[in-house]
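The residues making up each chain are set out below.
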Amino acid sequence: MIISVVVPVYNEQNSLQQFNDKLLDFISNQKDEYKIIYVNDGSTDDTYKLLKNIALNSKSVSLVSLSKNFGKEIALSAGIYYAQGDAVITIDGDGQHPISYIPSFISKWQKGAAVVIGVRKNHGGSSFKKLASGIFYKLFNAFSDVKLVPYSTDFRLIDKNVRTEFIKMQETNRINRGLIDWLGYSRDYVYFEPNLRHGGVAKYSFAKLIKLASDSFVSLTPVPLYIFGFIGILITPLALLLGLFIIFEQYILGDPLLLDFTGTAMLGVLIIFLVGMVLMSQGIIGLYLSHIQAQSANRPLFVIDYSKSTIDKDAK
Ligand code: UDP
Ligand code: MG
C-alpha cells in the first residue's frame, strides 16, 4: 500500500525540523510505503528554506510551495491534489496532531472506513474559545444537512476514491472538513489527545476563526439566507390582523371596547406590517440566491461509492 501524508505549513520554522524528524522516523518503521507532501503556504520565515532542504535530502518527501499565503484550507487542497497512493492522511505540521495515532487511522481504514476523522478528546484553548466553538457546532448542526461532529479536525485519512471525488470540487471559499463530510462514504473516528505546539504560535486569530465559521455556514447551508424571511412570514400576518382589528374596532364599530388606539400605535402596526413585507422579500431573494449559489459551487450531482453494471468485466 502507498500512503501519502499531506502537511500544510505556514511559518513553522521553529517546529518543523522536530516534526519532520518524528515523521521520517515513524515512516521508516512501517511496512506500507509512505510519501510525505509538504505544502508551503507562502511562509515568510525560513520555513521554505528548511522544507527545500528536507525535500532534497529525502526520497520520501515532496514539496509544493504556493506563491503566497492562501490559507490552510487551500494549502490542504493543494496537497491532496498532489497526493497519490491508496490513502491520503492530512496532518498539521505544528506537532499538535500526534503522529503516533497514524496507525489507528490506517487500521480503521483497513477495516473498511473510506474516511477516518480525527476528533479531539479534550478541547484546548480558552474557555471563551470553547464556548464559541460549542455555540458554533450547535447552530451549525441545527441549520445544516451536513452534520459536523464537534471537535473533528483536519487530522484525517481519506481513501483514494474519496480523494478522486474531493479534487473535483472546485469551489473557492472551501472548508475541507465540510466538503469531505458532504461527500459521504463510510466513516470512522479516531479520538486523540492533541499535543501542545512544538513551537511558534497558532496562525488562527479569533478573526480568522470567525471567518472559518462563517465560511462553513455559507458553503454548507443556505439557511441563514432564509431566517429573516421566516421572521417576515411571522410578523406580517400578525401586523395585518392587528391592523384589521384596529380598523374594525375603532372606525367601523366605533370603539365599543374603549381601547382608544393612538395614532402612534397605528403607525407602529403599519410599520411592522411593511417591515414584515420587506423581510419576506429578502427571504425570497435568499431562495433565489441559494439556487445560484448551489449552481455556482458546481458540486457533482451525486457521488458513487460502488457500482456494478453488466459490462463491467472486472467488478469486485
Ligand atoms: N497553516 C497553513 N496556512 C495558514 C495557517 C496555518 O498552512 O494560513 C498550517 C500551519 O502551519 C499548521 C496547520 O496549518 O501546520 C494548523 O495551523 P494552526 O496550528 O495555526 O491552527 P490550529 O492548530 O489553531 O487549528
Ligand atoms: Mg495548531
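Fair warning: this is a prediction, and the values are worked out from it, not measured in the lab.

Chemist: Explain the environment of leucine 51 to me, please; I cannot follow it from the model alone.
Modeler: Within the secondary structure, leucine 51 sits in helix H2 (residues 47–57). Apart from the residues within four sequence positions on either side, leucine 51 is in contact with Val9, Leu16, Tyr38, Asn40 and Leu63.

Chemist: Looking at this model, I keep getting lost on the packing of helix H9 (residues 223–252) against helix H10 (residues 263–297). Mind explaining?
Modeler: Packed helices, taken two at a time, are described by the angle between their axes plus the distance between the axes. The geometry of H9 relative to H10 is characterised by a closest axis approach of 7 Å and an angle of 150° between their N-to-C directions. Classified by the angle between their axes, H9 and H10 sit roughly antiparallel to one another. Classified by chirality, the crossing of H10 by H9 is left-handed. When the residues that make up the contact of H9 with H10 are grouped by side-chain class, the tally is 20 nonpolar, ten polar and no charged.

Chemist: When you look at the sheet that holds strand S1 (residues 2–9) in this model, what are you seeing that I'm missing?
Modeler: As a general point, the strands of a sheet are linked pairwise by backbone hydrogen bonds and lie either parallel or antiparallel. Spatially, the seven strands line up as an open sheet ordered S3-S2-S1-S4-S6-S5-S7, and their pairing is mixed. Each edge of the sheet is formed by a strand with only one pairing partner; in this case those strands are strand S3 (61–65) and strand S7 (187–192). Shown here is a sheet whose adjacent strand axes are inclined to one another by a mean of 20°, direction ignored. As paired elements, S1 and strand S4 (residues 87–90) share four bridges and run parallel to each other. In the strand pairing of S4, valine 5 is matched with isoleucine 89. This element, helix H3 (residues 72–82), spans S1, strand S2 (33–40), S3, S4 and strand S6 (152–159) of the sheet and lies at about 155° to S1. Against the sheet, helix H7 (residues 176–183) touches strand S5 (115–120), S6 and S7, its axis set at about 45° to S6.

Chemist: What is the right way to look at H10 in this model?
Modeler: Along an α-helix, a turn takes 3.6 residues, which lines up residues three or four apart on a common side. In a regular helix each residue adds 1.5 Å, so 35 residues correspond to 51 Å; H10 covers 50 Å between its end C-alpha atoms and thus fits that length. Among the structural elements, H9 are those in contact with the buried residues of H10. The positive-phi residue at the C-terminal boundary of H10 is asparagine 298, with phi of around 60°.

Chemist: Just to check I follow, could you spell out the pattern of salt bridges for this structure?
Modeler: Pairing is possible between side chains of opposite charge, provided their charged atoms come close. Summed over the entire model, instances satisfying the criterion amount to twelve salt bridges. For glutamate 33, the salt bridge identified is with lysine 35, shortest N-O distance 3.2 Å. Take glutamate 33: its relative accessible area is 41%, and that puts it in the partly exposed class. Under the relative-accessibility criterion, lysine 35 is labelled partly exposed at 24%. Counted as one network, the salt bridges with shared partners bring together Lys72, Glu73, Asp92, Asp154 and Arg177.

Cut-offs used in this document
- Residues numbered from 1 in each chain as written.
- Chains lettered and ligands numbered in written order.
- Predicted model: local features only at pLDDT ≥ 70, side-chain atom pairs only at ≥ 80, totals over all residues.
- Heavy atoms only, no water.
- Helix = DSSP H or I, 4+ residues; strand = E, 2+ residues; numbered from the N terminus.
- Contact = heavy atoms within 4.5 Å.
- Axes fitted to C-alpha atoms, helices over the stretch in contact; angles between N-to-C directions.
- Parallel < 35°, antiparallel > 145°, perpendicular 65-115°, else oblique.
- Left-handed = near helix turned anticlockwise from the far one by under 90°.
- Nonpolar A, V, L, I, M, F, W, Y, C, P; charged D, E, K, R; others polar.
- Pairing = 2+ DSSP bridges.
- Expected span 1.5 Å × (residues − 1).
- Salt bridge = Lys/Arg side-chain N within 4 Å of Asp/Glu carboxyl O.
- Buried < 20%, exposed > 50% of the residue type's maximum accessible area, 1.4 Å probe, protein only.

These figures come from the coordinates and say nothing about function on their own.
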